[in-house]
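Observations on the three-dimensional arrangement
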There are 2 protein chains.
Amino acid sequence: MRSWVESANGPSADFPLSNLPYGVFSRTAGPKDVRRVGVAIGDFVLDIAEAWAELVPSEPMLGYELFDEPSLNPFLAEGRVVWDFVRNQLQSWLSAGCPVLRDNTALRERAMIPLSQVELHMPIEIGNYTDFYASEYHATNVGSMFRPDNPLLPNWKNLPVGYHGRASSIVVSGTDVIRPCGQTKSDDAERPSFGPSRLLDYELEVGFVTGPGNEPGQRIPIEDAANHIFGLVLVNDWSARDMQKWEYQPLGPFLAKSFATTISPWVVPLDALAAVPRGDRTSAGRPEGAAVPRRCMGLGSRSETASRPADG
Amino acid sequence: MRSWVESANGPSADFPLSNLPYGVFSRTAGPKDVRRVGVAIGDFVLDIAEAWAELVPSEPMLGYELFDEPSLNPFLAEGRVVWDFVRNQLQSWLSAGCPVLRDNTALRERAMIPLSQVELHMPIEIGNYTDFYASEYHATNVGSMFRPDNPLLPNWKNLPVGYHGRASSIVVSGTDVIRPCGQTKSDDAERPSFGPSRLLDYELEVGFVTGPGNEPGQRIPIEDAANHIFGLVLVNDWSARDMQKWEYQPLGPFLAKSFATTISPWVVPLDALAAVPRGDRTSAGRPEGAAVPRRCMGLGSRSETASRPADG
């Protein structure tokens, strides 16, 4: 899948034509609050509204109006048919053989902005945020911090254990995270004490950005999940473990998590992952109430983390 | 405190001049999506924007524009100074001796709408919703359902135990609540089973609607709480106890709570409760990290619940 954007074609390119993640940008040279939805390709971001206005003027609602917006939410609300239509359109404009944007110098100069000349912002307005305890290895590992004798509780293999996080505390990658203050109590202390967390931890996670939603009381069959999941972001679920240990029973993690959660500025469409090779997991069995076994939708990805002390 | 609205003056009036709760209404005779913020007085709702446009045309932003809105959020974002200014203005217009609205028949007919001719809607757009485990009696009672030997955990007397609920599941009073389906597991069953909850419960609570908010990492001193709490609603925290028992460890209540939470359509300003006699509680002591003892802000209220079987 070659693009006429040369920087999109290398084997180490983050943003090849098969990816095309969506984000919200402002121009470094312009005001910060003039924001639009763009798509990353090679070293550029394509200003979708700008291209759409010229290339598909007959359907402004499906392009110009949806993307001349400071968040992806209006696009997310449209659902799978529009998501697919727009992605196909963008892939077509950016593919090597398509002249409509490639050979239109004036439009290209307006609509293709070097990534070095944009600032990236929160891509979505988050109405609700649920953190699932999704990996058996992670659940066992974290569980052993708090319950060494009993890390994985019996419900884990039967239902998706999760909790609601504080939607308003989600920030875009690069935002400073302030070390939280809170109560902690060591096992040998008689009383809790108050102060900055001394066990600030991170969790590398993948976040699912979902689409139009459903009416209360209407279930979404698991086979239909791909029609509701728009795409994925990387997530750092910052955690103050010392505060968490003292506060989390019986109602779950709260202030130990809600000071900040970081997401990537780019939302990778679900389709972009379909092409990535994956190692299939064996199913953990069919949970009660689900029509098909879980782990039916394998997604291929590799993630890495690294940390370094401040000023060594 | 007498009003020229006679139905506001009886000893059993829900909406006397000292209350003036805010809500969002549409006119039964008009389209449902034409919504405005109003204030309840006796058997009427005052269309604030309508009155403001005529009585304070020089300050539309503090009145007309704030209330010609389908939710209270723009008003909530203004903060304590504007909240007080508007409440004083409304109390003045509606008090027995003030002629500006009382004697203006044309305006009164446009702006004072009988409660029987309006439909009430969700008063606020909720960005985040936190459920605190706020009453010792309740915490002990619920705790004993799940942990008979150990109902009140040691953190309870030291910090505000709470969890985030699903903001999008909050509905206005009168909305049908659909009995949720989910996994449950009885103690003697080997496997969980799936089906409608058989232990649907309710919890009568008071909800605090908060104002402009704070920046991440900036603490709000507890002495300043009244500047951030706009008002109160009644809450029914519907709970599927059988689902809760099986799912709630270790991350807290989740699907057992997030199918619906009901709030009252009227938001009672904090000031309206200042006049209500209250029985002061003895303090539970000063939690670590708080500058003053908790329970410093007593609010007087009496609440009652009743239930009846369908077609009993």
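Rules used throughout
- Residues numbered from 1 in each chain as written.
- Chains lettered and ligands numbered in written order.
- Predicted model: local features only at pLDDT ≥ 70, side-chain atom pairs only at ≥ 80, totals over all residues.
- Heavy atoms only, no water.
- Helix = DSSP H or I, 4+ residues; strand = E, 2+ residues; numbered from the N terminus.
- Buried < 20%, exposed > 50% of the residue type's maximum accessible area, 1.4 Å probe, protein only.
- Contact = heavy atoms within 4.5 Å.
- Patch = residues over 30% accessible without salt bridge, like charges linked within 9 Å, V, L, I, M, F, W, Y side chains within 5 Å.
- Areas by Shrake-Rupley, 256 points an atom, 1.4 Å probe, with all protein chains shown as cover.
- Salt bridge = Lys/Arg side-chain N within 4 Å of Asp/Glu carboxyl O.
- pLDDT = per-residue confidence, 0-100.
- Pairing = 2+ DSSP bridges.
- Axes fitted to C-alpha atoms, helices over the stretch in contact; angles between N-to-C directions.
- Core = buried A, V, L, I, M, F, W, Y, C linked by side-chain atoms within 4.5 Å.
- Domains from an automatic or database assignment.
- Least-squares fit on C-alpha atoms with pLDDT ≥ 70 in both.
- Buried area = accessible area lost by both parts, 1.4 Å probe.
- Nonpolar A, V, L, I, M, F, W, Y, C, P; charged D, E, K, R; others polar.
- Polar contact = N/O pair within 3.5 Å; in protein donor to acceptor, adjacent residues only side chain to side chain.

Residues and elements named next belong to chain B. With respect to the helices and strands, the residue H228 is situated in the loop between β12 (204-210) and β13 (229-236). What makes H228 buried here is its relative accessible area of 18%. Contact partners of H228, with chain neighbours within four places excluded, come to W83, V209, T210, G211, G213 and I220.

All names here are of chain A. On the surface, L204, V206, F208 and L234 cluster together to form a nonpolar patch covering roughly 330 Å² of accessible area. Here the element with the most residues in the nonpolar patch is strand β12 (residues 204-210); it accounts for three residues. The residue F208 is located in strand β12 in this model. Take F208: its relative accessible area is 42%, and that puts it in the partly exposed class.

A few words on the confidence of the model for chain A. Residue and element names in this part refer to chain A. Mean pLDDT for chain A: 90, with 90% of residues reaching 70 or above. Contacts from residues 291-296, a stretch scored under 50 in pLDDT, to residues over four places away or in other chains number 21 contacts. Taken together, the chains of this predicted complex give a pTM of 0.89 and an interface ipTM of 0.85.

Before going further, it helps to spend a moment on the sheet that holds strand β1 (residues 22-27) of chain B. Residues and elements named next belong to chain B. One open sheet holds the five strands; their spatial order is β4-β3-β2-β1-β5, and the pairing between them is antiparallel. A strand with exactly one partner marks an edge of an open sheet, and here the two such strands are β4 (112-114) and β5 (118-121). The sheet shows a mean angle of 45° between the axes of neighbouring strands, direction not considered. The strands touched by helix α1 (residues 48-55) are β1, β2 (36-41) and β3 (44-47); relative to β3, the strand with the most contacts, the crossing angle is about 50°. Of the strands in this sheet, β1, β2, β3 and β4 touch helix α4 (residues 80-94), which is tilted by about 60° from β1.

Counting 42 residues, the largest nonpolar core has Y22, L46, F67, F75, L90 and L94 of chain B as its most contacted members. Among the secondary structure elements, those contributing two or more residues to this core are β1, β2, α1, α2 (64-67), α3 (73-76), α4, α6 (105-111) and β13 of chain B. Broken down by element, this core gets its largest block of residues, six residues, from α4 of chain B. For this core, the domains that each give at least three residues are domain 1 (6-121) and domain 2 (165-299) of chain B. Setting aside residues up to four positions removed in sequence, F67 of chain B forms contacts with Y22, R36, V37, I48, A49, L62, F75 and V86 of chain B. If you look at the next biggest cluster of nonpolar residues, it comprises 41 residues, including V5, A8, L17 and L90 of chain A.

Mapping chain B onto chain A is achieved by rotating through 180° and translating by 0.0 Å along the same axis, at an RMSD of 0.0 Å. Viewed as a symmetry operation, the transformation between the two copies matches a two-fold axis. Of the C-alpha atoms belonging to chain B, the one lying closest to the rotation axis is found on G252 of chain B, 2.1 Å away. Residue by residue, 100% of the interface of chain B is reproduced at the interface of chain A, so both copies engage with the same surface.

Let us look at the interface of chain B and chain A. The partner chain A presents 44 residues to the 44 residues of chain B that form the contact. Buried surface at the junction of chain B and chain A, summed over both partners, amounts to about 4,000 Å²; 61% is from carbon and sulfur atoms. Its largest share of buried area at the contact with chain A, chain B owes to H164, L251 and F254 of chain B, together 19% of the area lost on that side. The set of elements that each furnish at least two residues to the side of chain B that touches chain A consists of β6 (130-132), β7 (162-164), β9 (181-184), β10 (193-196) and α8 (241-247) of chain B. When residues of the side of chain B that touches chain A are assigned to their parent elements, the largest contribution, three residues, is made by β7 of chain B. Looking at side-chain class alone, the side of chain B that touches chain A contains 21 nonpolar, 16 polar and seven charged residues.

Residues and elements named next belong to chain A. The domain architecture assigned to chain A consists of domain 1 (6-121) and domain 2 (165-299). Computed over C-alpha atoms only, the centres of domain 1 and domain 2 are separated by 28 Å. At the interface, 24 residues of domain 1 touch 18 residues of domain 2. Buried area between domain 1 and domain 2, summed over both chains or domains, comes out near 1,500 Å², and the portion from carbon and sulfur atoms is 70%. Counting the surface domain 1 buries against domain 2, the share from its top three residues, L76, R80 and W83, is 34%. Counting across the interface, domain 1 meets domain 2 through zero salt bridges. One can count three residue pairs in polar contact (both at pLDDT 80 or more) joining domain 1 with domain 2. Elements with a contribution of two residues or more to the side of domain 1 that touches domain 2: β1 (22-27), β2 (36-41), α3 (73-76), α4 (80-94) and β5 (118-121). Residue contributions to the side of domain 1 that touches domain 2 peak at four residues, all from α4. Its residues assigned to classes, the side of domain 1 that touches domain 2 comprises 14 nonpolar, six polar and four charged.

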